[in-house]
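Chains, contacts and geometry: an overview
Given next are the chains, with one letter for each unit.
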Amino acid sequence: MDIPLLDLKAQYRSIKDKIDEALTRVVESQQFILSREVDGLEREIADYCGVSEAAGVASGTDALITVLRVLGVGQGDRVITTPFTFFATAEAVSALGAKPLFVDIDPETYNIDPEKIDELLQDTGHGGSLDFARDKRNAVKAIIPVHLYGQCADMSRVMEIADRYGLKVIEDCAQAIGASHNGSRAGSFGAAGALSFFPSKNLGGFGDGGMVVSSDRSLIEHIKKLRVHGSRQQYIHEEIGYNSRLDSLQAAILRVKLKELDAWFEGRRAIAARYDEVFPSAGITTPKVAGGNTHTYHQYTIAVDERDELLRYLNDKGIAARVYYPVPLHLQPCYRDLGYSGGEFPVSEKAAGRVLSLPVYPELTEEQVEYIIQTVKGFY
Ligand SMILES: Cc1ncc(COP(=O)(O)O)c(C=O)c1O
């Protein structure tokens, strides 16, 4: 049996009429740039995330870049984040001439460990033992917690620390639209949240797309200016911006999918619950949902010592499991100049060698779920 990691064709089939109708609506309007569709989606996503404003942009990466820029992050600044994330989180920092300052993750949730943020700021704040640590601390402007795999980082604690040190928080919500922490949704804790509509995301378009959510109206207005070449009035450019707009076609598709999202999460949670029941008895570490959190299972990620062997076995049996992410960011070739070395973030490095994500999408049939369970058990 062949089971893809995600079956977007099956998802499309389940909502084909609504999607096709939305596409026709845009094609007939011939309004492809921004437009009422984007305005509508911005309103709907802002409501969904529990914030007052939103700005559609061309990708999740651009959402991060534009927010960081509006918050004043630039050359020489440092931004604290996790090394255990997709590269774009740190890339956005680097794109502005700033540098990522990594801290290790929590071993159970794989999200940034707030205590490590506190330690870093305290160590260096006390004068630090090293000049370089002091320099780094003085340059810290912001923190980017990433809500990895569809679960919020410990935002209560992150916000408490950020407020104490006067740091801005940008939530990387690329994998976690709809996830909540103590009753509030991802994107509603910090100065802003960055969403990605990359096709494989829980809310995915038919191409690239992203959005910034925030309750800071002036921040969102600024992003809406940056996304159209720094212009509010046509042909008057107040600053150097970008061409980073969300297409109307994407917005129309995403408006259809947003209505399905909560039902899809229920489907994901039901499959995750099945896995949770059977895998621990095989000695597999299943995803831990932290207290106060709801998980949206963008990925269902297990951890095992014999990860590479299990991955090969599953792939041979037709199950498209995958590793997110095999190389932590502090060990990426392009970040050699940051001066990190292996062993510096042991929790992230250990996770990179043990994690494995399994298919968990709501379109999986009962038979497919059973096949995945029996195949994993068969390996052991
Ligand atoms: C954690 C994280 N941050 C940022 C991004 C970047 O989003 P995009 O691909 O839409 O630029 C992604 C996804 O690709 C992601 O998973």
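Since the structure is predicted, the reported quantities are computational estimates derived from the model, not experimental observations.

Attention now goes to the site of the ligand. Not every one of the 16 residues close to the ligand is listed here, only the nearest: Gly60, Thr61, Asp172, Ser196 and Lys201. Within the contact set of the ligand, an oxygen atom lies 2.8 Å away from a backbone nitrogen or oxygen of Gly60. Within the side chain of Asp172, a nitrogen or oxygen atom sits 2.7 Å from a nitrogen atom of the ligand. When isolated, the ligand has an accessible area of 390 Å², and the protein chains bury 93% of it. Broken down by secondary-structure element, the contributors of at least two residues to the shell around the ligand are helix H3 (60-70) and helix H4 (88-95). Residues that form the shell around the ligand fall into these classes: 6 nonpolar, 8 polar and 2 charged.

A few words now on the packing of aromatic side chains. Under the definition given, this model contains 15 aromatic pairs. With 5.8 Å between their ring centres and 45° between their planes, Phe87 and Tyr335 make a pair best called tilted. Highlighted residues: Phe87 in the loop between strand S2 (78-81) and H4 and Tyr335 in the loop between helix H10 (307-316) and helix H11 (346-354), separated in sequence by 248 residues. A residue is classified by how much of its surface remains accessible, and Tyr335, at 5% relative accessible area, is buried. Taking the centre distance of 5.4 Å and the plane angle of 50° together, the rings of Phe102 and Tyr340 count as tilted.

This next bit is on the environment of Asp308. Of note, Asp308 is situated in helix H10. The spatial distance from the C-alpha of Asp308 to the C-alpha of Gly50 is 40 Å, given a sequence separation of 258 residues. Here the side chain of Asp308 touches Arg307 through a polar contact of 2.7 Å, side chain to side chain.

Looking now at the sheet that holds strand S6 (residues 180-181). Read from one edge of the open sheet, 3 strands run S7-S6-S12, paired in antiparallel fashion. On the outer flanks of this sheet lie strand S7 (184-185) and strand S12 (293-294), each paired with one strand and no other. Of the pairings in the sheet, the one linking S6 to S12 comprises 2 bridges and is antiparallel in character. Within S12, the position partnered with His181 by the bridge is Asn293.

Moving on, we come to the nonpolar core. The biggest cluster of nonpolar side chains holds 39 residues, and the ones touching the most others in it are Phe84, Tyr110, Tyr275, Phe279 and Tyr300. Where this core is concerned, the elements lending two or more residues are helix H9 (248-278), strand S13 (300-303), H10, H11, strand S14 (355-358) and helix H12 (366-379). Counting the residues that make up this core, at least three belong to each of domain 1 (8-103 + 110-256) and domain 2 (260-379). Residue contacts for Phe279: discarding those within four places in its chain leaves Ile284, Thr286, Tyr300, Ile302, Leu358, Ile373 and Val376. Counting 34 residues, the second-largest nonpolar core is a separate cluster that includes Val26, Ile45, Ala252 and Leu254.

Time to look at the pairing of strand S3 (residues 99-102). Bridge count for S2 against S3 is 4 bridges, and the pairing is parallel. Residue pairing in the sheet places Ile80 in a bridge with Leu101 of S3.

On inspection of all chains with the given rule, the structure shows 24 salt bridges. With a closest N to O distance of 3.1 Å, Arg255 and Glu37 form a salt bridge. Of the two residues, Arg255 sits in helix H9 while Glu37 sits in helix H2 (residues 35-49), which places them 218 residues apart along the sequence. A single burial state applies to Arg255 and to Glu37, both of which are buried. The salt bridge involving Glu238 is made with Lys225; its shortest N-O contact spans 2.8 Å. With Glu238 in the loop between strand S11 (236-237) and H9 and Lys225 in helix H8 (residues 217-226), the pair connects residues that are 13 residues apart, well separated along the chain. Accessibility expressed as a relative area gives 42% for Glu238, which makes it partly exposed. A residue is classified by how much of its surface remains accessible, and Lys225, at 12% relative accessible area, is buried. Each member of the salt-bridge network shares a partner with another, and the members are Arg69, Lys225, Arg232, Glu238 and Glu239.

The next point concerns the domain arrangement of the protein. In many analyses, interface size is given as the accessible surface area lost on bringing the parts together. Once the domains are mapped, the protein shows domain 1 (8-103 + 110-256) and domain 2 (260-379). Placing a centre on the C-alpha atoms of domain 1 and another on those of domain 2 gives a separation of 24 Å. Tallying the contact residues gives 41 residues for domain 1 and 34 residues for domain 2. Of the roughly 3,200 Å² buried where domain 1 meets domain 2, counting both sides, 56% is carbon and sulfur surface. For the interface between domain 1 and domain 2, the tally reads 2 salt bridges.

The strand order across the open sheet formed by 7 strands is S1-S9-S8-S5-S4-S2-S3, and the pairing between neighbours is mixed. Strands with a single pairing partner mark the edges of an open sheet, and in this sheet they are strand S1 (53-57) and S3. When strand polarity is set aside, the average angle formed by the axes of neighbouring strands in this sheet is 25°. Set on the sheet, H3 makes contact with S1, S2, strand S4 (140-144), strand S5 (168-172), strand S8 (192-196) and strand S9 (210-214); between it and S8 the angle comes to about 160°. With respect to the sheet, H8 is in contact with S1, S8 and S9, its orientation differing from that of S1 by roughly 20°.

Analysis parameters
- Residues numbered from 1 in each chain as written.
- Predicted model: local features only at pLDDT ≥ 70, side-chain atom pairs only at ≥ 80, totals over all residues.
- Heavy atoms only, no water.
- Near = heavy atom within 4 Å.
- Polar contact = N/O pair within 3.5 Å; in protein donor to acceptor, adjacent residues only side chain to side chain.
- Areas by Shrake-Rupley, 256 points an atom, 1.4 Å probe, with all protein chains shown as cover.
- Helix = DSSP H or I, 4+ residues; strand = E, 2+ residues; numbered from the N terminus.
- Nonpolar A, V, L, I, M, F, W, Y, C, P; charged D, E, K, R; others polar.
- Phe/Tyr/Trp six-rings, centres within 6.5 Å; stacked < 30°, edge-to-face > 60°.
- Buried < 20%, exposed > 50% of the residue type's maximum accessible area, 1.4 Å probe, protein only.
- Pairing = 2+ DSSP bridges.
- Core = buried A, V, L, I, M, F, W, Y, C linked by side-chain atoms within 4.5 Å.
- Domains from an automatic or database assignment.
- Contact = heavy atoms within 4.5 Å.
- Salt bridge = Lys/Arg side-chain N within 4 Å of Asp/Glu carboxyl O.
- Buried area = accessible area lost by both parts, 1.4 Å probe.
- Axes fitted to C-alpha atoms, helices over the stretch in contact; angles between N-to-C directions.

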